[in-house]
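# Structural characterization, general
Residues per chain are reported as follows:
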Amino acid sequence: MTNSSTRLDHVVLWVDDPVASAAFYEEAVGFEALRVAEFAEGKVTFPSVRVNEETILDLAPHSAADRMNMLPGSAGSAGHPVNHVCLALPADAFDALRARLHEHGVPMSDIGRHSSGARGDATRNFYFRDPDGNVFEARHYDD
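Here is what the cut-offs are and how they apply
All chains use their own residue numbering, which begins from 1 and follows the written sequence. Owing to the predicted nature of the model, reporting of local features is limited to residues with pLDDT of at least 70; listing and counting of side-chain atom pairs is limited to 80 or more, with chain, interface and lining totals taken over all residues. Heavy atoms from the whole structure form the basis of all side-chain values; hydrogens and water molecules are not counted. Where helices and strands are cited, they refer to DSSP runs of H or I of at least four residues and of E of at least two residues respectively, numbered from the N terminus. Exposure classes here rest on a 1.4 Å probe applied to the protein chains alone. A residue is buried below 20% of its type maximum, exposed above 50%, and partly exposed in between. By definition in these notes, contact holds between two residues if any of their heavy atoms fall within 4.5 Å. What sets the accessible areas is the Shrake-Rupley method with a 1.4 Å probe; for residues, cover comes only from the shown protein chains. We define a nonpolar core as any set of buried Ala, Val, Leu, Ile, Met, Phe, Trp, Tyr and Cys residues linked to one another through side-chain atoms lying within 4.5 Å. Pairs of N or O atoms are called polar contacts if they sit within 3.5 Å, as long as, within protein, a hydrogen donor faces a hydrogen acceptor (for residues adjacent in sequence, only side-chain-to-side-chain pairs).

## A few points about the overall build of the protein
Counting secondary structure elements, the protein contains 3 helices and 10 strands. When the helices and strands of the protein are listed from N to C terminus, the series reads β-α-β-α-β-β-β-α-β-β-β-β-β. Going through the 143 residues of the protein one by one, you find that 33% of them count as buried. Contacts spanning at least 24 positions in sequence make up 49% of the contacts within the protein whose residues lie at least 6 apart. Summing over all exposed atoms, the protein offers an accessible surface of approximately 8,700 Å²; the carbon and sulfur share of this is 52%.

Here you go:
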């Protein structure tokens with residue numbers, strides 16, 4: 001990728017307890033938690049977790065939904081549900097994530113095969129939910 005290519009910067013997830021959600025993503029999923037102490041101290045409006053060097057998930061509290069009116073005429077649209085967010089991982093990281101989720105008692109779907117995505121058909125995939133019901137797909141491609 002070059003600096004001029006389009007990338008996914010962040011996704012905002014609605015959560016009940018941002019601190020607990022950050023802990024879930026750090027411990028069960030393996031993402032780095034960001035700004036949790038600052039959130040707990042009231043210095044920032046939400047914490048985040050780092051997916052990779054270019055992408056984060058913001059963990060916005062449901063209580064902030066009434067203040068999220070970025071677009072004129074969009075009242076009430078904040079928090080509109082997303083079907084799922086997909087994480088593409090190398091095969092070893094895919095296996096490690098599945099093992100970590102299992103260790104934390106996170107329910108997961110069976111392994112699927114040949115699911116279509118941004119890079120064609122994935123070799124394997126599975127789904128899981130975070131504590132707030134947000135659905136994630138994990139997948140890997142043969143490279």
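## Remarks on the nonpolar core
Phe24, Tyr25, Val29, Leu97, Leu101, Phe128 and Phe136 are the most contacted members of the largest nonpolar core, which has 22 residues in total. Looking at this core, the elements with two or more residues in it are strand E1 (10-15), helix H1 (18-29), strand E4 (55-61), strand E5 (85-88), helix H3 (91-103), strand E9 (124-129) and strand E10 (135-140). It is H1 that contributes the most residues to this core, 5 residues altogether. Setting aside its immediate chain neighbours within four residues, Tyr25 contacts Leu13, Gly30, Phe31, Val49, Leu57, Leu59, Asp130 and Phe136.

## Some words on the side chain of Asn134
Structurally, Asn134 can be placed in the loop between E9 and E10. Within the structure, the side chain of Asn134 is placed 3.3 Å from the backbone oxygen of Trp14, a separation counted as a polar contact. Not counting residues up to four positions away in its chain, the partners in contact with Asn134 are Leu13, Trp14, Val15, Phe128 and Arg129.

In short, geometric facts, not functional conclusions.
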